[in-house]
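# Descriptive structure summary
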Amino acid sequence: MDDRWRPYAPRKRAPRRAQENSMHQYLTNRQQQILDYITREIDRTGVAPLCQQIASACEIHSLNVVSRHLKTLEQKGWITSQAGEITLLENVRSYRLTIFGNVVDGRVMLKRTI
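Residues numbered from 1 in each chain as written. Predicted model: local features only at pLDDT ≥ 70, side-chain atom pairs only at ≥ 80, totals over all residues. Heavy atoms only, no water.

This part is about the nonpolar core. Residues Ile34, Ile54, Leu70, Leu73, Ile79 and Ile86 are the most contacted members of the largest nonpolar core, which totals 16 residues. Top element by residues in this core is helix H1 (residues 29-45). It accounts for 4 residues. Filtering out sequence-adjacent residues up to four positions away, Ile79 remains in contact with Leu35, Leu70, Leu73, Glu74, Ile86, Thr87, Leu88 and Leu89. (Core = buried A, V, L, I, M, F, W, Y, C linked by side-chain atoms within 4.5 Å. Buried < 20%, exposed > 50% of the residue type's maximum accessible area, 1.4 Å probe, protein only. Helix = DSSP H or I, 4+ residues; strand = E, 2+ residues; numbered from the N terminus. Contact = heavy atoms within 4.5 Å.)

Laid out in structure tokens, this is it:
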């Protein structure tokens, strides 16, 4: 038998971790864009947008892509979707706070730009 010949042995992959259904999972940029649009529309009109409206506003060319993103947002615990109606689970805006500056002893020290 030739020394160069070796039987094929597939690589072993690390086991996948089970995804938690928590509000602390990170969102992709597209998922965040969709979630922001849904939040704005609910705040503005009191009604969640349709998949067609989400696709149009976020410049997505396929309704299937929108529905997959909505399903992922639901699995991550940000929204619920029952009978085509989207509902936010929590006050999403309370989780998206961006601080520009430094936090020292619980105080935000803003940098001045002149």
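Having put the structure on the table, let's press on.
Once that is clear, we can look at the pairing of strand E1 (residues 79-82). The pairing of E1 with strand E2 (residues 85-88) spans 4 bridges and is classified as antiparallel. The residue of E2 that forms the bridge with Gln82 is Glu85. (Pairing = 2+ DSSP bridges.)

With 17 residues, H1 extends 24 Å from end C-alpha to end C-alpha; this agrees with the ideal 24 Å at 1.5 Å per step. Within the span of H1, buried status applies to Gln31, Ile34, Leu35, Tyr37, Ile38, Thr39 and Glu41. At its buried positions, H1 is contacted by helix H2 (51-57), helix H3 (63-75), E1 and E2. One or two residues past the end of H1 sits Gly46, with phi positive at roughly 85 degrees. (Expected span 1.5 Å × (residues − 1).)

Along the polypeptide, Gln31 turns up in helix H1. Here Thr28 takes part through its backbone nitrogen, which lies 3.1 Å from a polar atom of the side chain of Gln31. Contacts of Gln31, omitting those with residues within four sequence positions, involve Tyr26, His69, Thr72, Leu73 and Lys76. (Polar contact = N/O pair within 3.5 Å; in protein donor to acceptor, adjacent residues only side chain to side chain.)

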